[in-house]
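Structure at a glance
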Amino acid sequence: MTHASLVRFFLLGSLRVECAGTPVRFSTRKIESLLAYLVLHPHAHAREKLAALLWGDSPDAQARQSLRQALAAIRKELGDAFVLADRETAQINPTTPVWVDAREFEQLASADPLAALELYRDDLLPDFYDEWIAPVREHLRRLYRDTALHAIHDARAQGAYPRAIDLAQKLLTREPAHETAHQHLIFCYTATGNRAAAREQFAQCERVLRDELNVAPASETIALYRRAQTVATDAPTSALFTNLPITLDSFVGRVKEIQELHEILSRTRLLTLTGAGGCGKTRLAIQVATEFAAAERFPHGVWWVDLSALRDPALVTQTVAAIFDVRESRETTLIAALTHFLRGKNLLLVLDNCEHLLDACAQLSGVVLSACPQVQILATSRELLGVSGEVVWRVPSLAVPNLAPLPPLEQLRQFDAIQLFVERARAVAAPWRLAENALPVARICARLDGIPLAIELAAARLRALSAHEIATRLDARFDLLTGGNRPALPRQQTLRATMDWSYDLLSDAERVLLQKLSVFAGGFSLEAVETVDSGQWTVDSNLNTDHRPLPTILDLLTTLADKSLVVVEHQDARTRYRLLETVRQYAREKFADADARTQTQVLHCNYFVEWIEHAAPHLRRADALEWRDRIEREHDNLRAAFEFVIERDAARALRIAWGLHLFWMRYGFLSEGRAWLERLLPQIDAHAPLALRARARNLAGYLAYLQMDIPHAIRMSEQALTFAQAAEEEWEIAFAFQRLGWTYGFVRTPNKPRSVEDCHMQSLEIFQRLGDEDMITESMFGLGHTLSTGKDFERGVALLKTAIERQRAAGNRESQAAALGWLSLSYTLANDLTSAEPYAQDALALARTLRSKNSLGIALIFLGRCVLRKDEPRRALPYAVEAVQLYHEKGDVSTTVMILEELALCVGLLGKADAAARILGAIQFQWETKRASPLLRIGIYDRQWGAIRAQIGDAAFDQARAEGRVLSLDETVELALTAASKLEIGN
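The paragraphs below set out a description of the structure included in this document. In this numbering scheme, every chain counts its residues from 1 along its sequence in written order. Local features in this predicted model are restricted to residues of pLDDT 70 or higher, and side-chain atom pairs are both shown and tallied only at a pLDDT of 80 or more, whereas totals for entire chains, interfaces and linings draw on every residue. Where side-chain values are given, they derive from all heavy atoms of the structure, hydrogens and water being excluded.

1. Side note on helix H34 (residues 773-788)
Secondary structure elements are defined from DSSP: runs of H or I of at least 4 residues count as helices, runs of E of at least 2 residues count as strands, and each element is numbered from the N terminus. The span you would expect from a helix comes to 1.5 Å times its residue count less one. The terminal C-alpha atoms of H34 lie 22 Å apart, and with 16 residues this matches the ideal 22 Å at 1.5 Å per residue to within 8%. Burial classes: relative accessible area under 20% of the type maximum marks a residue as buried, over 50% as exposed, and values in between as partly exposed (1.4 Å probe, protein chains only). In terms of burial, H34 is largely enclosed, as 15 of its 16 residues are buried. The term polar contact refers here to a pair of N or O atoms within 3.5 Å; inside protein, the definition further demands a hydrogen-donor-capable atom paired with an acceptor-capable atom, and it admits residues adjacent in sequence only when both atoms are side-chain atoms. Looking at where H34 begins, the residue whose side-chain oxygen comes 3.4 Å from the main-chain nitrogen of aspartate 774 is aspartate 772.

As structure tokens, this is what we get:
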């Protein structure tokens, strides 16, 4: 074989090797496995490692001999130059033209997903059983699954349903029990009007889940299927690029109103739907927004933000940013990061329930509309926002008929209010018919002024009352409330009358529970309700004349849900409940007994204090993702508990804050946490003992450190240490030393007040004495990082490895990913790049499973830096590109600038020296003007920059660098990504 011949490796499926189009065969599986490993990991490997990897069951001498024989066999078939080997290492010759389907698949997965999926014939080497293959096989299988799901989603978003169906079917041939793929098929069949296929797909999903996993379909699958069966076969739907709520009930009427709203939104950027509670603002907004999404009016989607659970105006921006996973950084405020993300996007933002947060919503809307010229906002509020350019549109009641004379039945059916009542009536009483109930239904709708919520509440009562009985009771109630002058009253009073009527129909137990439910923010679980209620009913025993057992909480929740006063939601196989905001406000007003209300709030607070203390440790365990989602769901309740208790019991407030600190750290709530601590510290100082004062300052210092506010972090941690030592609280002393070790590590002065190493040592010794396994691991990690980058590399690396093993055993994958990355960096800084890369690869693989952009970004940085230091810019390029895109989208300026240098180096070393020099000029301008911190730059690339300069000469390099100094950060990123996209990424 000649050295120049292209060697093609087909590893996805049965192994096949071709050289210049001719098949090449090898005598043993071990030789083939070694060859596959080398082409998948094209860097130098220690011979000892390869021998142990493939022949680990043999004695050392025999394993080394087997390796020599295998390498000789490879050279014989593919040429002497194919493998580079010396006494210590072996690798594939990087100058040999090699094509590997698995590596090509990885590169195409993001660049051309459809081509990547075509390339994936089967799992990696399915008939090979060497240990090294399993994790690589699983990585590629997971990448195939993720790529397929993204491709299906993209096809749906483009309305390309046949392609989406084909892709989903192919995914199911490999993973028959993948429920999301079944969901996609049900949706796509429904979208193309093939209801029979959707029905069969659901049946297949149900079958395979039962047979293979012994589980039933998720509630989301069942809801999707039921929705699919309500769609006419000749009425294809459309894919939605949106997070809009999926409503499982039909939208009734308002044809003219929707047409008018479409026309208004074509000529205004801020439209606010106003009206009284219950008039249908939210439901109308969902329908209008859904139609825009279906019509693909906005290329970047239609996005829904529910503000009903918020109480703190400062959290409005946080809530909107969370929809797009936009996070703050040390240099960029959250609003700046959000506008940066939205700038250039053509999308519709729907802000629902703004009335209790008017100033914050108005301010956010004004900033977004000013900075983002292609963003439009649709808001719902009981009051206008008061923003320049706002168009206010009052949501009218549904059309109702005159009662004298009553229109004919067919004409009566045309009124929107009648249609709504009929739809909801059939949902609760299937045999019910309008023909026998025309007059009482018309009276109900007319007396309720066509207000949708009131009509739905009335229809819900058909379980217990006839339409005639409802109309009779409603008439009497309105006569009492309006004093005979009902039309003159404002709509809010009309809705209040409806709520009063519905409230009067509740039992005493139902009323008491509804009042107690008003203390919850957002949603709540059955367990939370049972705990908060504590079984103490304020029901007069004389009313229980038939001596039946009092209903359980579940019974009462069910009846309240039947009466449309409680909403039932199924999330991740768990049932949660919530009150509509109008109902919550009404119930809160009815909770007139101040002592009883306060006692319920105390029980609510106690429950969530204990709940977060139980939940927090799980964030360091294998089930961290599940518990992160649970904490997110209860975040509003935790906020409400903190607000209630902060001035009543600072110690309890601190328990909530401490329980949330790891959640804040990992998932982007640092500013909120620091705001809590600013309010809490004065209360703690005034009322709490020294030990709690130490804990509060430990927490404040930790949060400040994470935002790189080093002076404040040092001040808080030093105060924490002083208070902890005075209180003789060893745990707090150890934690203070741990944080001081990390914080003083960022102090650049030669004479630091404390030794970083000593801080970590003292922390570790105390935690070992206390037996706190999690904190022992954290202190080992801190000490290991300090030593490995300082005076004792070997000891530091050993500690880092021990910390990693402890984290793996505990299931703490987030910390494990970070430690793997830092271990890789330690090896990189020590110039042991052969050892560094596998750890960086492991960090990246783990980070991709965690749904955490923070872990992913750090892993990309570590891996890209290691590969670049190995003088392999072509391999480093995709890591740098992904990292720049990730951090630029997050609005993290310093990190973006840091990675831009490494992307520029890749671009320059691959032949685009002019572009690299321009990027360097822009970066240096960012450092000089302090838009980004130069402390983040390691400064290890002088040799590479010298090589790039030599390509075009000093004069041209300096000229290009000067031109780059005028570029904005956005322009610099665009230049870098454009240059990278023009390079051939391959072998």
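So much for the structure itself; the text now carries on.
2. Quick word on the pattern of salt bridges
Whenever a carboxyl oxygen of Asp or Glu lies within 4 Å of a side-chain nitrogen of Lys or Arg, that contact is scored as a salt bridge. Across all of its chains, the model carries 50 salt bridges by this definition. Between arginine 639 and aspartate 636 there is a salt bridge, with the nearest N and O atoms lying 3.0 Å from each other. Taken together, the residues arginine 639 and aspartate 636, both in helix H27 (residues 624-645) and 3 residues apart, mark about one turn of the helix. Judged by relative accessible area, arginine 639 falls into the buried class, the value being 11%. A salt bridge links aspartate 685 to arginine 693, with the shortest nitrogen-to-oxygen separation between them at 3.3 Å. Each of the salt bridges in this network shares a partner with another, and the network as a whole consists of Asp123, Glu138, Arg141 and Arg142.

3. With respect to the sheet that holds strand S7 (residues 98-100)
Across the sheet, which stays open at both edges, the 4 strands sit in the order S3-S2-S1-S7 with mixed pairing between neighbours. Taken across any chain shown, the strands that pair with only one partner, and hence form the sheet edges, are strand S3 (22-24) and S7. The mean inter-strand angle of the sheet, taken between neighbouring strand axes irrespective of direction, is 25°. Pairs of strands are assigned from DSSP output, requiring at least two bridges between the strands. In this sheet, S3 lies alongside strand S2 (residues 16-19) in antiparallel orientation, the contact comprising 3 bridges. Residue glutamate 18 lies in a different strand from S3, and its bridge partner there is proline 23. Fitted lines through C-alpha atoms serve as axes, helices being fitted only where they are in contact, and the angles separating the N-to-C directions of these axes extend from 0 to 180 degrees.

4. Here we look at unusual backbone geometry
Glycine aside, residues mostly have negative phi, and peptide bonds are mostly found in the trans state. With a phi close to 40°, leucine 125 is a non-glycine residue in the positive phi region. If you check the backbone angles, arginine 254 has positive phi at about 60° while not being a glycine. Structurally, arginine 254 is set in the loop between helix H10 (219-229) and helix H11 (255-265). Taking relative accessible area as the criterion, arginine 254 reaches 2% and is therefore assigned buried.

5. Considerations on the environment of arginine 269
Within the element layout of this structure, arginine 269 appears in the loop between H11 and strand S8 (270-274). Residue arginine 269 is classed as partly exposed on the basis of its relative accessible area, which comes to 29%. It is 4.5 Å that separates the C-alpha atoms of arginine 269 and glutamine 376, two residues lying 107 residues apart in sequence. Within the local environment of arginine 269, its side chain forms a polar contact with the backbone oxygen of cysteine 372, the two atoms lying 2.6 Å apart. Of note is the side chain of arginine 269, whose polar atom sits 2.9 Å from the backbone oxygen of valine 375.

6. Topic: the packing of helix H36 (residues 813-829) against helix H37 (residues 833-848)
In the contact formed by H36 and H37, the axes pass within 8 Å of each other and the chain directions differ by 160°. Judged on the interaxial angle alone, H37 and H36 are roughly antiparallel. The chirality of how H36 crosses H37 is left-handed. Where H36 approaches H37, its residues Arg813, Gln816, Ala817, Leu820, Gly821, Leu823, Ser824, Tyr827 and Thr828 are matched on the opposing element by Leu833, Ser835, Ala836, Tyr839, Ala840, Asp842, Ala843 and Leu846. Think of it as three bins: nonpolar holds Ala, Val, Leu, Ile, Met, Phe, Trp, Tyr, Cys and Pro, charged holds Asp, Glu, Lys and Arg, and polar takes everything else, Gly as well. Looking at the contact of H36 with H37, its residues break down into 10 nonpolar, 5 polar and 2 charged. Angular relationships are summarised with four words: roughly parallel below 35 degrees, roughly antiparallel beyond 145, roughly perpendicular across 65 to 115, and oblique for the angles in between. In this scheme the crossing of two helices becomes right-handed for a clockwise turn of the near helix relative to the far one and left-handed for an anticlockwise turn of less than a right angle. We call two residues in contact whenever any of their non-hydrogen atoms come within 4.5 Å of each other.

7. Things to note about the packing of aromatic side chains
Only centres within 6.5 Å qualify two rings of Phe, Tyr or Trp (six-membered ring in Trp) as a pair; their planes then separate them into stacked at under 30 degrees, edge-to-face at over 60, and tilted for everything else. As enumerated under the stated definition, the model contains 26 aromatic pairs in all. When the ring of phenylalanine 421 is compared with that of tryptophan 432, the centres are 5.9 Å apart and the planes differ by 55°; the resulting orientation is tilted. Residue phenylalanine 421 is located in helix H17 (residues 416-428), and its partner tryptophan 432 is located in the loop between H17 and helix H18 (438-447); the two are separated by 11 residues in the primary sequence. Their ring planes at 20° and their centres at 6.2 Å tell us that phenylalanine 524 and tyrosine 577 sit as a pair that is stacked. Linking phenylalanine 524 in strand S13 (residues 523-524) with tyrosine 577 in strand S15 (residues 574-578), this pair joins segments that are 53 residues apart in sequence. The class of phenylalanine 524 is buried, set by a relative accessible area of 0%. Assessed through its relative accessible area of 8%, tyrosine 577 is described here as buried. Aromatic ring contacts, followed pair by pair, group Phe520, Phe524, Tyr577, Tyr607 and Phe608 into a single cluster.

8. Description of the sheet that holds strand S10 (residues 347-352)
In any sheet, the strands associate via hydrogen bonds between backbone groups, in a parallel or an antiparallel arrangement. Strand order in the open sheet formed by 5 strands is S9-S10-S11-S8-S12, with parallel pairing between adjacent strands. Unpaired on one side and paired on the other, strand S9 (302-306) and strand S12 (391-394) mark the two borders of the sheet. Taking the axes of each pair of neighbouring strands and ignoring which way they run, one obtains an average angle of 20° across the sheet. Strand direction decides the pairing type here: S8 and strand S11 (residues 375-380), joined by 4 bridges, are parallel. When the bridges of S11 are listed, threonine 272 appears paired with alanine 379. Relative to the sheet, helix H15 (residues 358-371) contacts S8, S10 and S11, its axis offset from that of S11 by approximately 160°.

9. Focus on the nonpolar core
In terms of nonpolar packing, the biggest core is built from 166 residues, with Leu517 and Ile656 touching the most fellow members. Tallying contributions element by element places helix H28 (residues 650-667) first for this core, with 11 residues. Not counting chain neighbours up to four residues away, the residues in contact with isoleucine 656 comprise Cys605, Val609, Ile612, Leu638, Ala641, Phe642, Val645 and Trp676. In this text, buried Ala, Val, Leu, Ile, Met, Phe, Trp, Tyr and Cys residues form a nonpolar core when linked through side-chain atoms within 4.5 Å. Counting residues in hydrophobic clusters, the runner-up holds 74 residues, among them Val83, Tyr120, Phe187 and Ala198.

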